[in-house]
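Descriptive analysis of the structure
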Amino acid sequence: MKSLTYLDNNATTRIAPEVLEAMLPWLGEGGYGNPSSAYGLGRVAAAALDVARGQVAALAGCREEEIIFTSCGTESINTAVQAALAVDPDKRHIVTTAVEHSATIKLCEHLAQRGYEITWLPVDSAGLLDLEQLAAAIRPDTALVTLLWANNETGVLFPIHEIAAITQRKKVLLHVDAVQAFGKLPLSLGDAGIHFLSMSGHKIHAAKGVGALYVNRRAKFTPLLRGSQENGRRGGTQNLASIAGLGKASELAAEHLGSRQVMEWRDAFEAHVLANVPGTTVNGDRDRRLPNTTNLSFDGIESEGALILLDQDGLCCSAGSACTSGSVHPSHVLKAMGFSNERARASLRFSFGRFNSASDIQRACELVPAVVEKLRALSPAGSPVLVA
Ligand code: PLP
């Protein structure tokens, strides 16, 4: 297999070797017990769940009993939103933003069809919210404010602590989609004023198909999946191997939180491209964003074509989010930031991770300018073409 330069860590990450090692015992002989069984084999499994819960809670900065294991970030989001709506069925208004992940967008669209009213807050050209507008959008019948901590496409961060101060003052529930922030930023949930917060394993070098939901110990909670597991808060026998891996991945992420390496790689790549490719713009606020993400627009190119050429050279990155790539629709995030279809379609997201190396960065610094130049040469000035 040709060597890969993987710069799509916001889409998913590779499983860390230590994580795989932590998972394997629970897939083999001696580790297949059901954590709910009372005999030794089950008790060993239950103890492994406890360890993982402690590791996830340590990274999130909360108590162990505030963590519920789920199957993914999307399940966590769905669970949190329906739990919030169940608190007072008379409250049928939700505040969210125009730049959410499709998991939240699709859920809110579904709820709108069922009679809920949704306020989609706009963002400015840097991808940031107007907090006064957010405060003004909250009404007596608002059940919930649900929004991202870190945007998956641009990496732009919403000021969650300031937002939590507003929702606390207005006495409204807050759910945060922290799927991209978890493991990349210190969350210190403690008494942050957040009621629910969603996390996912596969963004932090754990397996796909495992996630977690933080539920503040004082928040009223109604399960989405009913059953006896997770203290009756999430039915279904736990995916022990993946949960053990998520625990290990959380422990490793905590160890790496202080490292600036990933940000230095991102910054070096971004500076190189800005200096060497005229007509390049960074999309989103450059100060308030994840340390691993850069979203760039290249005048006069079509990102789908760039993805194909870069893939031929073994470089993986994204046009828009992974969930919408493969379609030629311009990213809803970039459109919400007020960009033209051309600029939105000319954008690529590069997201770095700790398994990258200096040679990956060097390779990307060579390949990306060359591909942009090639595409521009193919397309008459000002009329981007889709290279198939
Ligand atoms: N929220 C954000 C911001 C994401 O980036 C993703 C995944 O891309 C999700 C939610 C969904 O997480 P999962 O893939 O675990 O369902």
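Residues numbered from 1 in each chain as written. Predicted model: local features only at pLDDT ≥ 70, side-chain atom pairs only at ≥ 80, totals over all residues. Heavy atoms only, no water.

Of note, Thr-104 is situated in helix α4 (residues 102–113). What Thr-104 contacts, discounting residues up to four positions off in sequence, is Ile-77, Thr-96, Thr-146 and Asp-177. (Helix = DSSP H or I, 4+ residues; strand = E, 2+ residues; numbered from the N terminus. Contact = heavy atoms within 4.5 Å.)

We now examine the pairing of strand β4 (residues 117–121). Across five bridges, strand β3 (residues 93–97) lies against β4 in parallel orientation. Paired with Ile-94 across the strands is Ile-118, a residue of β4. In this fold, the crossover linking β3 to β4 by way of α4 has right-handed handedness. (Pairing = 2+ DSSP bridges. Right-handed = clockwise from strand over helix to strand, strands pointing away.)

Turning our eyes to something else, we now look at the pattern of salt bridges. Two side chains that carry opposite charge are able to pair once their charged atoms sit near each other. Enumeration over the complete set of coordinates arrives at 14 salt bridges. Asp-191 serves as the salt-bridge partner of Arg-218, at 3.0 Å between the closest nitrogen and oxygen. On the criterion of sequence distance, the pair formed by Arg-218 in the loop between β8 (211–215) and α7 (229–232) and Asp-191 in the loop between β6 (173–177) and β7 (196–200) is long-range, its members being 27 residues apart. This pair shows no difference in class: Arg-218 is exposed, exactly as Asp-191 is. Arg-286 is the salt-bridge partner of Glu-270, the closest N and O atoms lying 2.9 Å from each other. Of this pair, Glu-270 sits in helix α9 (residues 261–276) while Arg-286 sits in the loop between β9 (280–282) and β10 (293–298), placing them 16 residues apart in sequence. Each of the salt bridges in this network shares a partner with another, and the network as a whole consists of Glu-66, Asp-191, Arg-217 and Arg-218. (Salt bridge = Lys/Arg side-chain N within 4 Å of Asp/Glu carboxyl O. Buried < 20%, exposed > 50% of the residue type's maximum accessible area, 1.4 Å probe, protein only.)

What follows is about the sheet that holds strand β12 (residues 347–351). Overall, antiparallel pairing links the three strands, which are arranged β9-β10-β12 in an open sheet. On the outer flanks of this sheet lie β9 and β12, each paired with one strand and no other. When strand polarity is set aside, the average angle formed by the axes of neighbouring strands in this sheet is 30 degrees. Direction of pairing for β9 relative to β10: antiparallel, over a ladder of three bridges. What sits directly across from Thr-280, in β10, is Phe-298. Sheet contacts for α9: β9, β10 and β12; angle to β10, the most-contacted strand, approximately 10 degrees. (Axes fitted to C-alpha atoms, helices over the stretch in contact; angles between N-to-C directions.)

Here the focus is the packing of helix α3 (residues 73–87) against α4. It is at 10 Å that the axes of α3 and α4 come closest, and there the two elements cross at 35 degrees. Note that α3 runs across α4; the crossing there is right-handed. The residues of α4 that touch α3, namely those facing Thr-74, Ile-77, Asn-78, Val-81 and Leu-85, are Ala-103, Thr-104, Leu-107 and Leu-111. Of the residues that constitute the contact of α3 with α4, the class distribution is six nonpolar, three polar and no charged. (Left-handed = near helix turned anticlockwise from the far one by under 90°. Nonpolar A, V, L, I, M, F, W, Y, C, P; charged D, E, K, R; others polar.)

The terminal C-alpha atoms of helix α8 (residues 240–256), which comprises 17 residues, lie 24 Å apart, in line with the 24 Å expected from a rise of 1.5 Å per residue. Taking burial as the measure, the 17 residues of α8 include 12 buried ones, the bulk of the element. If you check which residues of α8 are buried, you get Leu-240, Ala-241, Ser-242, Ile-243, Ala-244, Gly-245, Leu-246, Gly-247, Ala-249, Ser-250, Leu-252 and Ala-253. Elements that come into contact with the buried residues of α8 comprise α1 (17–23), α2 (40–60), β2 (67–70) and β8. (Expected span 1.5 Å × (residues − 1).)

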